[in-house]
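# Observations on chain architecture
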Amino acid sequence: RVTARARAAMLEPAGLTRRAATFTRREVIQSLAEALSAGAPPGAIERDADDFLASSCVPIAAELADGGRGHREPLYTTPDMLRVEARLLQTLAGEDPCGPLVAHPGELERAIARRPMLGGDQVLAVRHLCGGRGRVRILEARAGTGKTYALQAVREAYEASGVPVVGTAWQGQAADVLAREAGIPSQTTALLLERAARGEEAIPAGAVVVCDEASAMPTRALDRLASLVSARAGRLILVGDRAQLPAVDAAGAFAALADRLGSVELRENRRQRTELQRRVAER
């Protein structure tokens, strides 16, 4: 039989939910088989898998698991993954508004007026990201919709209102673009979290943290980032595209948060110049 240590390892962050937040019975059987290098009698691994699923895993409701995609196998998750997602949602949607963290209306309008090329959807996005009382604000923007130009105005409005703005992204290239094109001092999320773990002031108190390409960030890393921003009495702006390639590790939090908490969206493709190019980009 599979040892208790092997079962425990399957429930840890580096186990069944390392690459995805959910898994199937088939994946449990595969993991158990890998742990039994000496083999097992016929039917033993299947019985162990069913026992493991019943005693240690959390079944996902069929309507949530399917999501319209036609899943045929039931999906499960681990208690640890469920706690991470619940904590993330509580951190960002709890009864802890950050009222002072909004841009001054006059500074906001001046930042917009300085950029006459902003489209209607960009203006709505800037106002959404600079207003409200929530701990988190979410922007959904596909490539070519002008998110960086809009974020320039967001940064300027906050800074003119006396609110520091810092940026982060899971990938170094995205952090570089955020710093270079939007003027937001940025670093990778791994570095930011490591600095915070060492006791450094990775995020100024009361800062707005712009997290670019948040849809590509693993859920556990986003949970740690959200907890850090909350501890620093800050606001988190999540920017991403749920249609882009997902994170390598277990992810999906960006789309779930946008669906649950609401978001603003940039719709107009400003990069492609012809209708054919726009249709190709959309596909």
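### Some details on the overall build of the protein
Counting its regular elements, the protein contains 13 helices and 8 strands. When each of the 283 residues of the protein is scored for burial, the buried share is 43%. Intrachain contacts of the protein at a sequence separation of at least 6 include 73% that bridge at least 24 residues. Of the roughly 14700 Å² of accessible surface on the protein, a fraction of 52% belongs to carbon and sulfur atoms.

### A closer look at the sheet that holds strand β8 (residues 264-266)
With parallel pairing, the 6 strands of this open sheet are ordered in space as β5-β4-β6-β7-β3-β8. The sheet is open, and its two edges are formed by β5 (186-188) and β8, each paired on a single side. In this sheet, adjacent strand axes meet at a mean angle of 20° when their direction is disregarded. The sheet contact formed by strand β4 (residues 165-169) and strand β6 (residues 208-212) spans 5 bridges and is parallel. What sits directly across from V165, in β6, is V208. Docked against the sheet, helix α8 (residues 147-160) engages β3 (136-141), β4, β6, β7 (235-240) and β8, running at close to 170° with respect to β7.

### Observations regarding unusual backbone geometry
Even without being glycine, E213 reaches a positive phi, approximately 50°. Among the secondary structure elements, E213 is positioned in the loop between β6 and α11 (219-231). Positive phi, close to 55°, is recorded for A233, a residue that is not glycine. Within the element layout of this structure, A233 appears in the loop between α11 and β7.

### What to know about the side chain of R115
As for its placement among the helices and strands, R115 is situated in the loop between α6 (105-113) and α7 (120-130). The class for R115 is buried, based on a relative accessible area of 9%. Setting aside residues no more than four positions away along its own chain, R115 makes contact with Y149, Q152, A153 and E156.

### Notes on the pattern of salt bridges
As enumerated under the stated definition, the model contains 19 salt bridges in all. Among the ionic pairs, R7 bridges to D51, the shortest N-O distance being 3.0 Å. One end of the pair, R7, is in helix α1 (residues 4-11); the other, D51, is in helix α3 (residues 44-56), with 44 residues separating them in the sequence. R7 sits in the buried class, given a relative accessible area of 16%. Put simply, E194 and R198 hold a salt bridge, and the shortest N to O gap is 3.6 Å. On the basis of relative accessibility, which here comes to 49%, the residue R198 falls in the partly exposed class. Within this structure, E194, R195, R198 and E200 form a network of salt bridges that share partners.

### Some details on the nonpolar core
Residues Y158 and V210 are the most contacted members of the largest nonpolar core, which totals 30 residues. The set of elements that each furnish at least two residues to this core consists of α6, α7, β3, α8, α9 (172-182), β6, β7 and β8. The element best represented in this core is α8, accounting for 6 residues. In contact with Y158, not counting residues within four places along its chain, are L101, V102, A103, L129, C130, G131, V163, V165, V208, R235 and I237. Formed by 26 residues, the second largest nonpolar core is a distinct cluster that contains L88, I138, I203 and V229.

### Digging into the pairing of β6
When a strand is regular, its side chains alternate between the sheet's two faces. Burial runs high along β6: 5 of the 5 residues are buried. Where burial is concerned, the two faces of β6 agree: the one with V208, V210 and D212 and the one with V209 and C211 are both buried. One ladder, built from 4 bridges, connects β6 with β7; its direction is parallel. The residue bridging C211 from the neighbouring strand is L238, located in β7. Once you follow β6 into α11 and on to β7, the crossover reads as right-handed.

Calculation criteria
Residues numbered from 1 in each chain as written. Predicted model: local features only at pLDDT ≥ 70, side-chain atom pairs only at ≥ 80, totals over all residues. Heavy atoms only, no water. Helix = DSSP H or I, 4+ residues; strand = E, 2+ residues; numbered from the N terminus. Buried < 20%, exposed > 50% of the residue type's maximum accessible area, 1.4 Å probe, protein only. Contact = heavy atoms within 4.5 Å. Areas by Shrake-Rupley, 256 points an atom, 1.4 Å probe, with all protein chains shown as cover. Pairing = 2+ DSSP bridges. Axes fitted to C-alpha atoms, helices over the stretch in contact; angles between N-to-C directions. Salt bridge = Lys/Arg side-chain N within 4 Å of Asp/Glu carboxyl O. Core = buried A, V, L, I, M, F, W, Y, C linked by side-chain atoms within 4.5 Å. Right-handed = clockwise from strand over helix to strand, strands pointing away.

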